Amino acid sequence: MTAPTVQINADLQFIKGVGPVRAQALSKLGINTVEDLLYYFPRRHLDRTTITPIRSLNSGDTATIVGKILACGEKPTRRRKLFQAILSDGSGQLKLVWFRGGDYMKRTLKIGDQLAVSGKIDFFNGFQMVHPEYDKLNADDDPLNSGKIIPLYPLTTGLKKVRLDQRPLRRILQSVLTGLSAIPDLFPPVLLQEYGLTSRDNAFRWIHYADSEDQLTAAIHRFKFEEHFFLQLLMALRRKAVKSEQTTPLPLAGELVKSVYASLPFPLTEAQKRVLSEIRHDLAQPTPMNRLLQGDVGSGKTVVAVFAAVIAAENGVQTAIMAPTEILARQHYHSIGGYLEKVNIPCALLVGKTASAERKKLLTALAEGRLPVVIGTHALIQEDIGFHRLGLAIIDEQHRFGVVQRGTLLSKGYHPHVLAMTATPIPRTLALSYHGDMDVSVIDEMPKNRQPVVTRVVLPEQLEKVYQFIRDEVDRGHQAMIVYPLVEESEKSDLAAAVKAQDILSRTVFKGYTVGLLHGRQKKDAKEAEMSAFAENRLSILIATTVIEVGIDVPNATVMLIEHADRFGLTQLHQLRGRVGRGQDKGYCILVKRNQTEIADQRLKIMEETTDGFAISDADLRLRGPGEFFGLKQSGFIRFKIADLVKDGPIIRQARQAAFELIKRDPHLRKQDHATLRNHFLHHYQQYLDYVRIS
Ligand code: ADP
Ligand code: MG
């Protein structure tokens with residue numbers, strides 16, 4: 001045996017088989033050291049459980065096959081040349097077909113090559129696969145007969161250009177792994193033992209070279225845990241950072257709070273009361289509140305925010321309320337301002353379009369402390385905005401803001417209390433990862449006067465009947481909204497669809513009715529005018545693009561018709577639906593299905609079956625995955641290599657427990673036992689550390 005020759009932090013270009021050119025290609029992927037390369041995990045593994053023998057294929061299957069090329073070449077047809085290869089795995093033969101890129105394939109594939117191919121099986125004079133995804137393997141790579149487990153790495157064009165495909169990657173990793181002496185662990189031995197994790201040394205070797213499925217499973221488990229652990233460590237540190245700060249306690253809840261309470265046109269629900277007492281308790285502490293208020297659309301979060309702001313005002317500090325859109329900010333200004341006015345607490349609106357003279361006055365009032373409450377959009381975090389004493393920051397729809405924006409708002413006060421609100425009922429596992437640093441309050445009860453919205457999915461040919469239903473509702477004095485989706489590729493088309501619908505519908509099926517139009521491109525005044533006309537029932541029907549999603553609160557509206565409902569996320573549909581049935585009368589939500597796919601059927605059916613926001617968000621997460629879940633790119637959110645927020649529930653809980661315990665015992669990661677972990681964390685999670693300090 002030769003002595004170990006590779007260091008884990010070595011520069012890759014000096015590793016055998018790499019060299020400067022390949023090192024540069026790898027560097028573009030953020031892979032610079034041996035350790036980075038070890039973390040370049042296979043995208044999947046081939047083994048007996050993931051490969052199908054050709055004889056067991058069925059037309060329509062999506063399958064992976066491993067076999068040898070018996071013959072290949074270009075084949076002229078009447079219309080064009082195509083490239084064809086015949087693959088055999090000993091159990092049968094499969095034709096591979098490429099209609100494009102024949103020249104490249106001719107240079108790439110040779111008779112005798114061992115390939116792994118994946119794709120959909122068609123039947124056309126025998127089984128065939130068109131434009132399969134393929135990877136070249138070693139001649140003796142045959143997981144079906146040898147029981148071997150073969151890693152398949154993600155290959156980019158950059159890697160292919162320097163001929164770093166499966167085999168060279170595996171060769172390099174093999175030589176690295178043999179050259180490395182034992183790879184130091186990040187976790188202390190007690191932690192490995194307590195959570196039943198295999199060592200990092202084993203895990204690296206097995207994820208790249210497993211002899212058995214058990215080894216591979218253990219390796220994957222270990223790395224999933226590791227990724228979740230570091231995210232949870234971040235959460236634990238953020239939480240500790242907030243909780244170790246001093247802030248102004250806000251213990252007073254006196255006359256002002258009482259008069260707002262007395263002025264409410266409804267009794268608070270038990271859930272609202274419970275949440276309010278949690279908030280009051282937090283605000284009275286000398287450490288900042290860091291609380292997330294979750295509650296379904298229409299559960300009454302606004303009034304909770306009002307009480308928090310009133311308490312702040314009563315204690316002589318200012319409140320900033322930040323919302324993600326101008327419409328929502330205006331709506332808050334309208335409703336929150338209404339409550340505050342009754343108790344003479346001044347409140348102002350600040351949005352991007354606020355006129356400069358007005359803005360100047362407002363800024364002065366804020367700086368001098370004459371303005372206790374300001375409500376606005378991102379406009380609130382501009383540099384020239386200063387508060388006299390910002391004591392409470394309320395962030396609505398907090399998942400729409402990045403960590404930096406949130407941090408900027410907070411930095412305008414001296415460790416202000418934070419109340420974040422969200423109507424997106426985030427599934428529990430995702431919640432632990434996404435805002436695991438916060439305390440959570442849930443309004444899990446709807447106001448008593450509410451009846452669940454009746455939801456029906458309809459096909460376009462049923463629309464005549466639906467329009468009749470809308471006319472009937474309007475004749476009874478109610479109002480209706482018709483929503484068109486945002487079409488990703490062209491923002492204009494949803495606008496066009498809405499404009500056109502307003503034009504046509506108002507002249508045909510809704511002739512004689514007042515039909516308004518609301519969309520994102522309208523001038524502020526036009527938007528405002530349209531919104532207040534609808535709010536005051538001067539418009540019976542409002543046609544809108546998705547700008548309507550948040551912010552509209554018109555208790556008299558009873559029907560919501562959503563066009564192209566299949567294009568929306570379930571969570572978004574749920575939010576839209578929450579705009580109706582806010583008053584005494586029954587609400588109806590009609591979803592027009594224009595795209596007939598199985599998944600669309602499945603998803604829209606869920607909307608018919610339940611009005612439970614949590615059930616809906618779980619389904620949405622399951623059907624769309626976490627990336628799509630919020631409908632937005634998660635700025636500042638960690639990208640996982642191997643962890644899966646949807647499937648790793650139990651691992652997430654264990655990793656969280658481990659991370660929080662560790663920080664409890666060693667808040668600054670100073671113990672000798674934690675040195676490797678600390679270095680790894682500081683090195684790899686630097687960009688997420690923001691206001692976290694470990695000294
Ligand atoms: P959301 O949680 O979606 O922000 P809102 O705060 O806008 O919900 O409340 C929705 C509607 O319910 C508003 O018209 C509000 O005045 C009303 N509301 C809030 N709390 C109650 C309650 N306890 N009883 C009756 N109506 C309520
Ligand atoms: Mg709200």
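Everything quoted here is computed from the prediction, not taken from an experiment. (Residues numbered from 1 in each chain as written. Chains lettered and ligands numbered in written order. Predicted model: local features only at pLDDT ≥ 70, side-chain atom pairs only at ≥ 80, totals over all residues. Heavy atoms only, no water.)

Let's shift gears to the overall build of the chain. Across its full length, the chain holds 25 helices and 21 strands. Reported as C-alpha extents along the three principal axes, the dimensions of the chain are approximately 80 × 70 × 45 Å. For the chain, buried positions account for 54% of its 695 residues. The contacts of the chain with a sequence gap of at least 6 include a subset with a gap of at least 24, amounting to 74%. (Helix = DSSP H or I, 4+ residues; strand = E, 2+ residues; numbered from the N terminus. Buried < 20%, exposed > 50% of the residue type's maximum accessible area, 1.4 Å probe, protein only. Contact = heavy atoms within 4.5 Å.)

Moving on to helix H8 (residues 200–208). Among the nine residues of H8, seven are classified as buried, and the element is accordingly described as predominantly covered. Regarding H8, the residues found buried are Arg-200, Asp-201, Ala-203, Phe-204, Trp-206, Ile-207 and His-208. Next to the buried residues of H8 lie helix H2 (34–38), strand E1 (44–46), strand E8 (150–152), helix H6 (166–179), helix H9 (213–243) and helix H25 (675–684).

Partitioning the chain into domains gives domain 1 (49–152), domain 2 (182–244 + 648–695), domain 3 (255–443) and domain 4 (454–610). The C-alpha centroid of domain 4 is placed 49 Å from the C-alpha centroid of domain 1. (Domains from an automatic or database assignment.)

This next bit is on the sheet that holds strand E16 (residues 454–458). The strand order E16-E21-E20-E17-E19-E18 describes an open sheet built from six strands, whose pairing is parallel. Two strands in the sheet have a free side with no partner beyond their single neighbour: E16 and strand E18 (515–518). Neighbour to neighbour, the strand axes of the sheet diverge by 20° on average, direction disregarded. For strand E17 (residues 479–483) and strand E20 (residues 557–562), the ladder comprises five bridges, and the chain directions are parallel. (Pairing = 2+ DSSP bridges. Axes fitted to C-alpha atoms, helices over the stretch in contact; angles between N-to-C directions.)

This brings us to empty space enclosed by the protein. Where empty space is left can be seen by rolling a probe of water-molecule size over the atoms. Using the criterion set out here, one finds two cavities of 30 Å³ or more in the structure. Taken as a whole, the second largest cavity encloses approximately 60 Å³ of empty space. Considering the residues around the second largest cavity, the lining is formed by Glu-326, Ile-327, Arg-330, Lys-353, Lys-524, Lys-527, Glu-528 and Met-531. Secondary structure elements with two or more residues in the lining of the second largest cavity: helix H13 (326–342) and helix H19 (524–535). Element by element, the count of residues in the lining of the second largest cavity is highest for H19, at four residues. For the lining of the second largest cavity, the per-class residue count stands at two nonpolar, no polar and six charged. Split by domain, the residues of the lining of the second largest cavity number at least three in each of domain 3 (255–443) and domain 4 (454–610). (1 Å grid on protein atoms, 1.4 Å probe; cavity = no way out; pocket = protein on both sides within 12 Å on 5 of 7 lines; lining within 4 Å. Points joined across faces, edges and corners; volume = space filled by probe spheres on them. Nonpolar A, V, L, I, M, F, W, Y, C, P; charged D, E, K, R; others polar.)

The subject of this paragraph is the packing of aromatic side chains. Scanning all chains against the criterion turns up 21 aromatic pairs. Plain terms: the ring middles of Phe-41 and Phe-223 are 4.6 Å apart, the flat faces sit at 40° to each other, and that makes the pair tilted. Placement of the pair is Phe-41 in the loop between H2 and E1 and Phe-223 in helix H9, with a sequence separation of 182 residues. Pair check on accessibility: Phe-41 and Phe-223 agree, each one buried. Ring pairs connect the aromatic residues Phe-187, Tyr-195, Phe-225, Phe-229, Phe-230, Phe-681 and Tyr-685, which therefore count as one cluster. (Phe/Tyr/Trp six-rings, centres within 6.5 Å; stacked < 30°, edge-to-face > 60°.)

A few words on the sheet that holds strand E11 (residues 347–350). Spatially, the seven strands line up as an open sheet ordered E11-E12-E10-E13-E14-E9-E15, and their pairing is parallel. In this open sheet, the two strands that pair with only one neighbour each are E11 and strand E15 (439–443). Going from strand to strand, the sheet's axes swing by 20° on average, the running direction of each strand aside. Alignment of strand E10 (residues 318–322) against strand E13 (residues 390–396), held across five bridges, turns out to be parallel. Of the residues in E13, the one forming a bridge with Thr-319 is Leu-392.

So, about unusual backbone geometry. Peptide bonds are, in most cases, trans, and in most cases residues other than glycine have a negative phi. One non-glycine residue, Asn-344, adopts positive backbone phi at about 60°. Structurally, Asn-344 can be placed in the loop between H13 and E11. Although it is not a glycine, His-564 adopts a positive phi angle of roughly 50°. Position of His-564 relative to the elements: it lies in the loop between E20 and helix H20 (570–577). By relative accessible area, His-564 is classed as buried at 19%.

This paragraph deals with the site of ligand 1. Around ligand 1 there are 17 residues in total, and Gln-272, Gly-298, Lys-301, Thr-302 and Arg-450 lie nearest to it. Side-chain polar atom of Lys-301 to an oxygen atom of ligand 1: 2.7 Å apart, as the coordinates give it. Calculation on ligand 1 without its partners gives an accessible area of 560 Å², and the protein chains cover 85% of this total. Taken together, the residues of the shell around ligand 1 break down into five nonpolar, seven polar and five charged. (Near = heavy atom within 4 Å. Polar contact = N/O pair within 3.5 Å; in protein donor to acceptor, adjacent residues only side chain to side chain. Areas by Shrake-Rupley, 256 points an atom, 1.4 Å probe, with all protein chains shown as cover.)

In terms of nonpolar packing, the biggest core is built from 59 residues, with Leu-38, Phe-225, Phe-229 and Leu-233 touching the most fellow members. For this core, the element with the highest residue contribution is H9, accounting for 11 residues. In contact with Leu-233, not counting residues within four places along its chain, are Ala-659, Leu-662, Ile-663, Leu-669, Leu-677 and Phe-681. Within the second largest apolar cluster, 42 residues are counted, among which are Leu-276, Ile-279, Ile-321 and Leu-349. (Core = buried A, V, L, I, M, F, W, Y, C linked by side-chain atoms within 4.5 Å.)

Another point: the pairing of strand E2 (residues 62–76). Two elements, E2 and strand E5 (residues 114–123), share seven bridges in a ladder whose sense is antiparallel. Bridge assignment links Thr-62 to a residue of E5, and that residue is Lys-120. By the bridge criterion, eight bridges tie E2 to strand E3 (residues 81–88) in an arrangement that is antiparallel. When the sheet's bridge partners are listed, Ile-69 is paired in E3 with Leu-87.

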